[in-house]
Amino acid sequence: MFRYFFSVRWLGWLAMVVVIAAGCVGLGRWQLDRREAVVEDIQRIEANYDAAPERYVPGTNGFDTFDPSREWTPVTFTGTYDVDHQVVARNRPLNGQPGYEVLTPLRLEDGTAVIIDRGWLPIGNAEAGRPDVVPAPPAGEVEVTARIRPGEPEVNRGAPEGQVASIHLPSFAERVDYPVQDAAYGLLALERPAAAETPVAAPKPSIDEGPHLSYSLQWFAFGVLAFVGLGYAARQQRRSDAERDGTAPDRPVRRRRRPSSEEEEDAILDARGIR
């Protein structure tokens, strides 16, 4: 009955459908993996972002090491900003608007320094490729609460003087003559005393899972539909072969429905021209 299914042509179609279905399953699993990573990020944000700040203890909770489970945890440091080595990171959009992030070393009492991301600035109007003004941080000793963020990889892209293409902390450490804790940096949450003018504070990260789950289900459905389509094509092929060979079963003849009494009366009236 389905001997044609073992022909070279149909085996080729079957192989193609299997490849398509495997690709759909792979893409569906990829979307599930992406969702799992997003869910882990959301769990860290919910657990750490609004936690009570930890007081910095050298060698314990600084930025010389990075534990992914502690990302977004607020840590409070006491030190002095080094404005002379302040830079801005390029290509930092916020709400669809291009701009920069201000990175300033905070020198601590133990002789090391941590990098603090003090906030966002829009692209300036006075000079292309630079912010108009970079607000100065508080002078003298300052207490800074910042949330832990991992450093970024180095990018093979240059930047003008006073700017960096990425927050690559080992490269930042090469700019100064004192040790920098270069495993993580801090996203500013609070300064005491406060500066007269500050960059735009970073917003709380989104806790939306996104469409990854629905996308994965769509890919799995596409994989199933590939086999459904192959089955439908095989059925149509079988019907076509049966009609060509004369082995197709006769289609039942539909019996005409006998008109009802109302329909017969209407027909008589129409014939007599009464209606």
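Everything below is about the structure printed above this text.
Residues numbered from 1 in each chain as written. Predicted model: local features only at pLDDT ≥ 70, side-chain atom pairs only at ≥ 80, totals over all residues. Heavy atoms only, no water.

Participant: Explain the overall build of the protein chain to me, using residue names and the numbers behind them.
Facilitator: Tallying secondary structure elements over the protein chain gives four helices and eight strands in all. The N-to-C order of helical and strand elements in the protein chain reads α-β-β-β-β-β-β-β-α-β-α-α. Out of the 275 residues in the protein chain, the part that is buried amounts to 33%. Across the protein chain, the fraction of contacts at a sequence separation of at least 24, relative to all contacts at a separation of at least 6, is 69%. Of the roughly 17400 Å² of accessible surface on the protein chain, 54% is carried by carbon and sulfur atoms. (Helix = DSSP H or I, 4+ residues; strand = E, 2+ residues; numbered from the N terminus. Buried < 20%, exposed > 50% of the residue type's maximum accessible area, 1.4 Å probe, protein only. Contact = heavy atoms within 4.5 Å. Areas by Shrake-Rupley, 256 points an atom, 1.4 Å probe, with all protein chains shown as cover.)

Participant: So what's going on with the nonpolar core? Residues and values would help.
Facilitator: Grouped together as the largest cluster of nonpolar side chains are 15 residues, with contacts concentrated most on Phe77, Tyr81, Leu106, Val114, Ile116 and Val144. Those elements giving two or more residues to this core turn out to be strand E2 (74-81), strand E4 (99-108), strand E5 (113-122), strand E6 (141-150) and strand E8 (184-192). Per element, the largest residue contribution to this core is four residues, and it comes from E6. Every residue in contact with Phe77, bar those within four places of it in the chain, is listed here: Tyr56, Phe63, Leu106, Leu108, Val114, Val142, Glu143 and Val144. (Core = buried A, V, L, I, M, F, W, Y, C linked by side-chain atoms within 4.5 Å.)

Participant: Which residues make up the side chain of Thr76, and what values do they have?
Facilitator: Here Thr76 is to be found in strand E2. Within polar-contact distance, the side chain of Thr76 engages the side chain of Thr145 at 2.9 Å. Contacts of Thr76, omitting those with residues within four sequence positions, involve Pro53, Glu54, Arg55, Tyr56, Glu143, Val144, Thr145 and Arg192. (Polar contact = N/O pair within 3.5 Å; in protein donor to acceptor, adjacent residues only side chain to side chain.)

Participant: Can you tell me about helix H1 (residues 8-48), naming the residues and giving the values?
Facilitator: Compared with the 60 Å implied by 1.5 Å per residue over 41 residues, the 60 Å span of H1 between its first and last C-alpha is a close match. Among all positions in H1, only Trp10, Val17, Ala21, Cys24, Gly28, Gln31, Val39, Ile42, Arg44, Ile45 and Asn48 are buried. (Expected span 1.5 Å × (residues − 1).)

Participant: Could you give me a rundown of the packing of aromatic side chains, with the residues and numbers involved?
Facilitator: This structure, assessed with the given rule, holds four aromatic pairs. Plain terms: the ring middles of Tyr49 and Trp72 are 5.9 Å apart, the flat faces sit at 55° to each other, and that makes the pair tilted. In this pair, Tyr49 sits in the loop between H1 and strand E1 (54-55) while Trp72 sits in the loop between E1 and E2, placing the two residues 23 residues apart along the sequence. Comparing Tyr49 with Trp72, the two get one shared label, buried. Taken together, a centroid distance of 5.0 Å and an interplanar angle of 70° make the contact between Phe63 and Phe77 edge-to-face. Here Phe63 is found in the loop between E1 and E2, whereas its partner Phe77 is found in strand E2, with 14 residues between them in sequence. You can call Phe63 buried: its relative accessible area is 0%. (Phe/Tyr/Trp six-rings, centres within 6.5 Å; stacked < 30°, edge-to-face > 60°.)

Participant: Tell me about the pairing of E8, residues and numbers included.
Facilitator: Note that E5 and E8 share two bridges and pair parallel. Residue Ile116 lies in a different strand from E8, and its bridge partner there is Gly186. As paired strands, E6 and E8 are joined by eight bridges and run antiparallel to one another. Residue Val144 lies in a different strand from E8, and its bridge partner there is Glu191. (Pairing = 2+ DSSP bridges.)

Participant: Could you give an account of the pairing of E5, naming the residues involved and the relevant values?
Facilitator: In terms of residue burial, E5 counts as a mostly covered element, since nine of its ten residues are buried. Bridge analysis of E4 against E5 gives nine bridges, and the strand direction is antiparallel. Bridging across to E5, Val102 finds its partner in Gly119. Hairpin connection from E4 to E5: four residues lie between these consecutive antiparallel strands, with Gly111 at a positive phi of about 95°.

Participant: Could you give me a rundown of unusual backbone geometry, with the residues and numbers involved?
Facilitator: In this chain, Arg192 is followed by Pro193 through a cis amide linkage whose omega measures 0°. Relative to the elements of secondary structure, Pro193 occurs in the loop between E8 and helix H3 (212-245). Of note in the backbone geometry, Trp72 takes a positive phi value of approximately 80° without being a glycine. Residue Asn95 is not a glycine yet carries a positive backbone phi of 55°. In this fold, Asn95 is placed in the loop between strand E3 (87-89) and E4.

Participant: Give a detailed account of the side chain of Asp82, specifying residues and quantitative values.
Facilitator: Checked against the element boundaries, Asp82 lands in the loop between E2 and E3. Here Asp82 sits buried without a salt bridge, and the closest side chain of opposite charge, Arg107, lies 5.3 Å off (N-O distance). There is a polar contact of 2.7 Å between the side chain of Asp82 and the side chain of His85. (Lys, Arg positive; Asp, Glu negative; His and termini not counted. Salt bridge = Lys/Arg side-chain N within 4 Å of Asp/Glu carboxyl O.)

Purely geometric stuff here, so don't read any function into it on its own.
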